[in-house]
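In case you want the letters, here they are:
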Amino acid sequence: MTSPESMPAAASLDAFASSKLAGLERRQLRRRIVTTDGLDAVRVEQDGRTLLNFCSNDYLGLSRHPEVIAAAQAATARHGTGAGASRLVTGGHPLLFELEARLARFKGTKDCIVFGSGYLANLAIAPALMGAGDLILIDELAHACLFAGAQLSRARVETFRHNDLADLEARLVEMRPDARRAMILTDGVFSMDGDLAPLPGLLAIADRHDAWTLVDDAHGVGVIAGGRGSAHAFTPPALAPLQMGTLSKSLGSYGGYLCASNAVCELLRTRARPLVFTTAPAPASIAAALKALDLVETDTAMCERPALLARRFCAAAGLPAPVSPIVPVILGSASAALEASSRLREAGFLVTAIRPPTVPRGTARLRITFSAAHDEADIDRLAGLVAAYAPQQEAAE
Ligand SMILES: *Cc1c(COP(=O)(O)O)cnc(C)c1O
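## Things to note about the overall build of the protein
And then number 1: Summing up its helical and strand segments, the protein has 15 helices and 14 strands in all.
And then number 2: Against the compact-globule benchmark of 21 Å for 397 residues, the protein has a radius of gyration of 22 Å, which places it among compact chains.
And then number 3: With the C-alpha coordinates aligned to their principal axes, the bounding extent of the protein is approximately 60 × 55 × 55 Å.
And then number 4: In the protein, buried positions account for 50% of the 397 residues.

Written out as structure tokens, the structure is:
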């Protein structure tokens, strides 16, 4: 039998992939996925070495919590391992409806839809609401899946300068009159920088120009404002009409959601292709998220600990005080970031280098994230090592 790789078209395909890879390798932008065996909430094993994980988004360690694991196991025993089909075909298992009701209550909205992942939620929302002739304004540092959803919608997509409300308003003044509908997309907590969006001002501008705001709070729920999320970092809370998030980070599970009005959610249930044409999340993921949400709602001290540890770290390392558990140490070139990451690995810390296109060119960095399960002593040790890089960080600002 001939192998598929020996056919002429397959050979040209392989040659294409190999030359692309060689180009990425030359620019130090090739990525490799390594086997990582999680030992507990903060320790992982890679290449036979045990490392302390300082780059996970499982901020509360809930993916390892005994009650969360037990809930997932019970749901698997009761409902099976898979959902079987899209909810529009077979209906949804009761846990999904329960989680949607719980998330809506948690976010103070009338309704909620759970999706297969946060990425899928963002591929669903803008395309279901926007189309040709509409305008989407997106913060230049917003997450890749907000950009992907915006592009899929066929609306005109323009960026505004990061957290720059004057720039946002100038663009609305210029472009809004030509657009039928308008939408503003932003992270609540920026995933690679850890700063918060200026939501009260942003929502006021949105109201002045009749633009619908979608806030992606993937890194807010569970760790900002006692776990309530970035909207609650402000008084009064800054509540966007479209509040999206993930089950995959501090909730320790897998999935995504949109909390919004009943009419908006009903429209998405009918029209959103990443809901209609994909299989519903597995029962275990939904049960785990429900239990995690219980813990987030009842244990404020646990939710505050990751940001507290981040502040301790920054004080010790000579970095500016952070507002979230995400601390960027910007080093500039991809090679500098790779070098710093590999030195930390030698000392027993897993801190992955973040390079373009995840972050803009020239801003490759270490992105250090803190977990409620980390020890103070380990944090102080890491701060001592990172302090060697801190002066460069200040010079870069
Ligand atoms: C991780 C992330 C997502 C994607 O969520 P998943 O559930 O992992 O697909 C969306 N938005 C932001 C800001 C993220 O950081």
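Still to come is the rest of the account.
## Concerning the site of the ligand
And then number 1: In the vicinity of the ligand there are 14 residues, among which D216, H219, T246, S248 and K249 approach most closely.
And then number 2: Residue Y119 places a main-chain N or O atom 2.9 Å away from an oxygen atom belonging to the ligand.
And then number 3: Within the side chain of T246, a nitrogen or oxygen atom sits 2.6 Å from an oxygen atom of the ligand.
And then number 4: A total of 380 Å² of accessible area belongs to the ligand in isolation, and the protein chains cover 88% of it.
And then number 5: Of the residues that constitute the shell around the ligand, the class distribution is three nonpolar, eight polar and three charged.

## What to know about the state of the cysteines
And then number 1: By the definition in use, this model includes zero disulfides.
And then number 2: Free cysteine C303: the closest other cysteine sulfur is in C259, separated by 16 Å.
And then number 3: Cysteine C314 is unpaired, with the sulfur of C55 as its nearest cysteine sulfur at 16 Å.

## Digging into the packing of helix α5 (residues 118-129) against helix α6 (residues 144-152)
And then number 1: Relative orientation of the contacting elements α5 and α6 amounts to 30 degrees, with a least axis distance of 7 Å. Handedness of the α5/α6 crossing: right-handed. Here G118, Y119, N122, L123, A126 and P127 of α5 lie close against α6, whose contacting residues are C145, L146, A148, G149, A150 and L152.

## Regarding the pairing of strand β9 (residues 242-246)
And then number 1: Across the five residues of β9, five count as buried, placing the element largely inside the fold.
And then number 2: Here β9 shows no split at all, with L242, M244 and T246 on one side and Q243 and G245 on the other all buried.
And then number 3: Pairing analysis gives three bridges linking strand β8 (residues 211-216) to β9, with the strands arranged parallel. Among the inter-strand pairings, L214 is bridged to a residue of β9, identified as L242.
And then number 4: Strand direction decides the pairing type here: β9 and strand β10 (residues 256-260), joined by four bridges, are antiparallel. In the strand pairing of β10, M244 is matched with L258.

## Some thoughts on the sheet that holds strand β12 (residues 349-350)
And then number 1: Reading across the sheet, the four strands line up as β1-β2-β3-β12 and stay open at both edges, with mixed pairing between neighbours. Each of the sheet's edge strands pairs with one partner strand only, and the pair in question is β1 (37-38) and β12.
And then number 2: Relative to strand β3 (residues 49-53), strand β2 (residues 43-46) runs antiparallel, the two being bridged by four bridges. Across the sheet, residue E45 finds its bridge partner in β3, namely T50.

Here is what the cut-offs are and how they apply
Residues numbered from 1 in each chain as written. Predicted model: local features only at pLDDT ≥ 70, side-chain atom pairs only at ≥ 80, totals over all residues. Heavy atoms only, no water. Helix = DSSP H or I, 4+ residues; strand = E, 2+ residues; numbered from the N terminus. Rg over C-alpha atoms; globule rule 2.2 N^0.38 Å. Buried < 20%, exposed > 50% of the residue type's maximum accessible area, 1.4 Å probe, protein only. Near = heavy atom within 4 Å. Polar contact = N/O pair within 3.5 Å; in protein donor to acceptor, adjacent residues only side chain to side chain. Areas by Shrake-Rupley, 256 points an atom, 1.4 Å probe, with all protein chains shown as cover. Nonpolar A, V, L, I, M, F, W, Y, C, P; charged D, E, K, R; others polar. Disulfide = S-S within 2.5 Å. Axes fitted to C-alpha atoms, helices over the stretch in contact; angles between N-to-C directions. Left-handed = near helix turned anticlockwise from the far one by under 90°. Contact = heavy atoms within 4.5 Å. Pairing = 2+ DSSP bridges.

Such coordinate-based values are descriptive only and should not be taken to indicate function.
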